[in-house]
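# Descriptive structure summary
Each chain is listed here by its residues.
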Amino acid sequence: MTQDELKQAVARAAIEYVVDGEIVGVGTGSTANFFIDELGKIKHRIKGAVASSEVTAERLRGHGITVFDLNEVDSMPVYIDGADEITPQGAMIKGGGAALTREKIVASVAQKFICIADGSKLVDVLGKFPLPVEVIPMAQSVVARKLASLGCEARLRLKDGKPLVTDNGCYIIDVIGLAITDPVALEASINNIVGVVTVGLFARQGANVCLLGTADGVKKLEF
């Protein structure tokens, strides 16, 4: 199976976690896009969705799904999103699509986080994928220096030769070369750096379930 076929398989499997008549939290990225397409097929069963990015909101509306502002929502049963890496304990790196802050906020409101990913995303130690850190623009240099002091490379993410700007008007620094053996501690440490909006480590509140696409079918991991 191709990577896209694996992503589509887990997107279909995630539909069983959607609660009829409720609002669904929806993530950002290529795997989340497959889920949105599947969600569009059952849109009559749900009240609507909360999007973790403007791109996701646009795709949801394109399927005729009502998009709610998170400020209108007290709670929701599930948040469904992909991951750039996930460990057997449910800790994740997210933010390849530059939506890490909104993803973390929406996930915090959901009762359950369902991660959908192809099998290549399962790793024993996080860090081969660059760790995204969203920063206030005026703090990019000072934050980069502090991140580099961890013994890694801190690289400003660019788009068309200019700093990529997130939906929040911030920048992304990608941390390269870390072997993250204690993701909970590192998440707290980086979040405590002045100028950091949030880090793309989802460890203190990781996934509850991971649906993993493999050549042998969709495997379910519970944490």
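The numbering scheme is per chain: residues are counted from 1 as the chain's sequence reads. Predicted model: local features are reported for residues with pLDDT of at least 70 only, side-chain atom pairs are reported and counted for 80 or more only, and whole-chain, interface and lining totals are derived from all residues. Excluded from the side-chain calculations are hydrogens and water; all other atoms, namely the structure's heavy atoms, are used.

## Brief notes about the sheet that holds strand E7 (residues 131–135)
Paired strands, as defined in this entry, are two strands with at least two bridges between them according to DSSP. The way it works is that DSSP assigns letters per residue, a run of H or I at least four long becomes a helix, a run of E at least two long becomes a strand, and they are numbered from the N terminus. Reading across the sheet, the four strands line up as E8-E11-E7-E12 and stay open at both edges, with antiparallel pairing between neighbours. Taken across any chain shown, the strands that pair with only one partner, and hence form the sheet edges, are strand E8 (153–156) and strand E12 (196–199). Across the sheet, the axes of successive neighbouring strands diverge by a mean angle of 25°, strand direction being ignored. Summarising the sheet, E8 and strand E11 (residues 171–176) pair through four bridges and their orientation is antiparallel. For Arg155, the partnering residue across the bridge sits in E11 and is Asp174. Residue contacts are counted whenever heavy atoms from the two residues lie within 4.5 Å of one another. For helices, the fitted line uses only the C-alpha atoms of the stretch in contact; every axis is such a line through C-alpha atoms, and the angle between N-to-C directions lies from 0 to 180 degrees. Here helix H5 (residues 140–148) sits on the sheet in contact with E7, E8, E11 and E12, set at roughly 15° to E11. Together, E7 and E12 form the strand contacts of helix H6 (residues 183–191), whose direction differs from that of E12 by roughly 170°.

## A short note on H5
Three or more residues of H5 are buried, namely Val143, Ala144 and Leu147. Each buried residue of H5 sits inside an arc of 100° when the element is viewed along its axis, so together they form one side. In the core, the buried residues of H5 are packed alongside E7, E8, E11, H6 and E12. Only protein chains enter the accessibility calculation, which uses a 1.4 Å probe; a residue is then buried when its area is under 20% of its type maximum, exposed when over 50%, and partly exposed in between. Our arc is simply the arc of the directions from the helix axis toward the C-beta atoms.

## What to know about unusual backbone geometry
Backbone geometry at Ala98 places phi at a positive 65°, although glycine is not the residue there. Among the secondary structure elements, Ala98 is positioned in the loop between strand E5 (92–93) and helix H4 (100–109). Judged by its relative accessible area of 13%, Ala98 is buried. Phi at Asp160 is positive, roughly 55°, even though this residue is not glycine. The exposure class of Asp160 is exposed, given its relative accessible area of 74%.

All we've got here are geometric facts, nothing functional implied.
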